[in-house]
Amino acid sequence: MQYSERLRKLSTYLFLKIEQRKKELLKKGVEVIDFGVGDPDLPTPKNIISAMRKAVEKSQNHHYPLGTGLPAFKEAIAQWYQKRFSVSLNPEKEVLVLIGSKEGLGHLPLAFLNKGGIALIPEPAYPVYQAGTILSGGIPFFLSLREGNNFLPDLKAIPSNIARKAKILFLNYPNNPTASVANKEFFEKVVKFAKKYKIIVAHDNPYSEIYYEEKPMSFLQIPGAKEMGVEFGSLSKTYNMTGWRIGWACGSAEILKGLAKIKGNIDSGTFLAIQEAGIEALNGPQEATEEIRRTYEERRDILFSGLKKEGWQSHKPSATFYLWAKTPVGYTSEKMASILLEKAGILATPGSGFGPSGEGYLRFSLTLNKERIKEAVERLRKISL
Ligand SMILES: *Cc1c(COP(=O)(O)O)cnc(C)c1O
């Protein structure tokens, strides 16, 4: 089979590779403790499931959803932004419903990049920014995220000829995989930079509600951000809804119009019943999310102190459900990941899988119960590095 050039430029999705490796080990009888994929292990809250049950019975929900989303769901998103971030959004024009935020992030470059157009992409990062750019014929220009700069990109280091040609800047805070959080000063610099060079900012914000200290902010809280920026939101992590496939983009109406046109030609919208369940998620009781935060916090503390005792260096994350740990001196990410797998049956993602600047780190996802985490710490203690 002759695959297209653009397809050949894509690598196999990182987590598909890791899943494959896990399956092989399970077959060999190894009992794997999986800190790999960032997919919540807990179920979707009951009130959301009940809303879905009711919504799926309604025959008017059995049709093509079409358009930019169910008006009542878009209204709920706008109200949530007002309440949570004090950001005003016009629900009709400044909110676009997606089939998960990954879908929108992947399609965005198709609307704004011409062949050879540049997208500024942080690394290490969630892989879809790069994949969407390549599929649209664009060229990624990578911004390396370093510990010394709090894993924020150094905008001043971008050559001005690149900045002038760039069309999109992708960002993601709280960050996957580094768990870093951005502050207002950084986002203000981003707005200034984007205005100067007329660059679209696509801020991916699915972890805004997975925090343990200060509440993370929205990029759209910065004055002027809405003129050239969109923020991607998701129910996946906040409400344990990764499998449902629902998210949104909000912000600049002009940018959303472009993305909506791409989507109108490719997909036909998000199942209406899921959008109705989404209204319940945002408007209903929020205790479940409180509980989710407490659960991850407890897990974080167990793993953090366990790793520390064994001499591993990491920052205690203040948001996201990831722990970004430095590999012990003398080991690459890949090498350490395979040692952990083979000697201890512990699966962690090599940081280098998210980009070259992730070399020297491992990402532990806290999406498994605390007994398993304690067991992993025990196993770590027993292997001698
Ligand atoms: C999980 C995740 C998403 C996910 O979203 P969906 O809404 O489930 O598509 C997007 N970006 C990052 C960085 C993530 O970690």
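Anything mentioned here points back to the structure above.
Our subject in this report is the structure included herewith. (Residues numbered from 1 in each chain as written. Predicted model: local features only at pLDDT ≥ 70, side-chain atom pairs only at ≥ 80, totals over all residues. Heavy atoms only, no water.)

## Describing the site of the ligand
Reasoning step 1: Of all residues adjacent to the ligand, which total 14 residues, the nearest are Asp204, Tyr207, Ser234, Ser236 and Lys237.
Reasoning step 2: Measuring from a nitrogen atom of the ligand, one finds a side-chain N or O atom of Asp204 at 2.5 Å.
Reasoning step 3: Contact distances for the ligand include 2.6 Å between an oxygen atom and a side-chain N or O atom of Ser236.
Reasoning step 4: Contact with the protein chains covers 95% of the free accessible surface of the ligand, which is 390 Å².
Reasoning step 5: Among the residues forming the shell around the ligand, the class breakdown is four nonpolar, six polar and four charged. (Near = heavy atom within 4 Å. Polar contact = N/O pair within 3.5 Å; in protein donor to acceptor, adjacent residues only side chain to side chain. Areas by Shrake-Rupley, 256 points an atom, 1.4 Å probe, with all protein chains shown as cover. Nonpolar A, V, L, I, M, F, W, Y, C, P; charged D, E, K, R; others polar.)

## Notes on the pairing of strand S13 (residues 361-365)
The side chains of a regular strand alternate between the sheet's two faces.
Reasoning step 1: Counted residue by residue, S13 has five buried out of five residues, so it is predominantly covered.
Reasoning step 2: Here S13 shows two buried faces, one formed by Tyr361, Arg363 and Ser365 and the other by Leu362 and Phe364.
Reasoning step 3: Both strand S10 (residues 322-326) and S13 contribute to a ladder of five bridges, which runs antiparallel. Residue pairing across strands places Trp324 opposite Arg363, the latter belonging to S13.
Reasoning step 4: Across two bridges, strand S12 (residues 349-350) lies against S13 in antiparallel orientation. Opposite Thr349, over in S13, you have Arg363 as the bridge partner. (Buried < 20%, exposed > 50% of the residue type's maximum accessible area, 1.4 Å probe, protein only. Helix = DSSP H or I, 4+ residues; strand = E, 2+ residues; numbered from the N terminus. Pairing = 2+ DSSP bridges.)

## Some thoughts on the sheet that holds S10
Reasoning step 1: Within the open sheet, the four strands sit side by side as S9-S10-S13-S12. Their pairing is antiparallel. If you trace the sheet from one side to the other, it starts and ends with strand S9 (313-314) and S12, each paired once.
Reasoning step 2: Set on the sheet, helix H13 (residues 333-344) makes contact with S12 and S13; between it and S13 the angle comes to about 45 degrees. (Contact = heavy atoms within 4.5 Å. Axes fitted to C-alpha atoms, helices over the stretch in contact; angles between N-to-C directions.)

## Section: a nonpolar patch on the surface
Reasoning step 1: Judged by side-chain polarity, Met1, Tyr3 and Leu7 come together as a nonpolar surface patch covering roughly 400 Å² of accessible area.
Reasoning step 2: Mapped onto the elements of the fold, Leu7 is located in helix H1 (residues 5-9). (Patch = residues over 30% accessible without salt bridge, like charges linked within 9 Å, V, L, I, M, F, W, Y side chains within 5 Å. Salt bridge = Lys/Arg side-chain N within 4 Å of Asp/Glu carboxyl O.)

## Observations concerning the environment of Lys335
Reasoning step 1: Within the secondary structure layout, Lys335 lies in helix H13.
Reasoning step 2: In this structure Lys335 comes out as partly exposed when scored by relative accessible area, which is 47%.
Reasoning step 3: In this structure the C-alpha to C-alpha distance between Lys335 and Gly360, which are 25 residues apart in sequence, comes to 9.9 Å.

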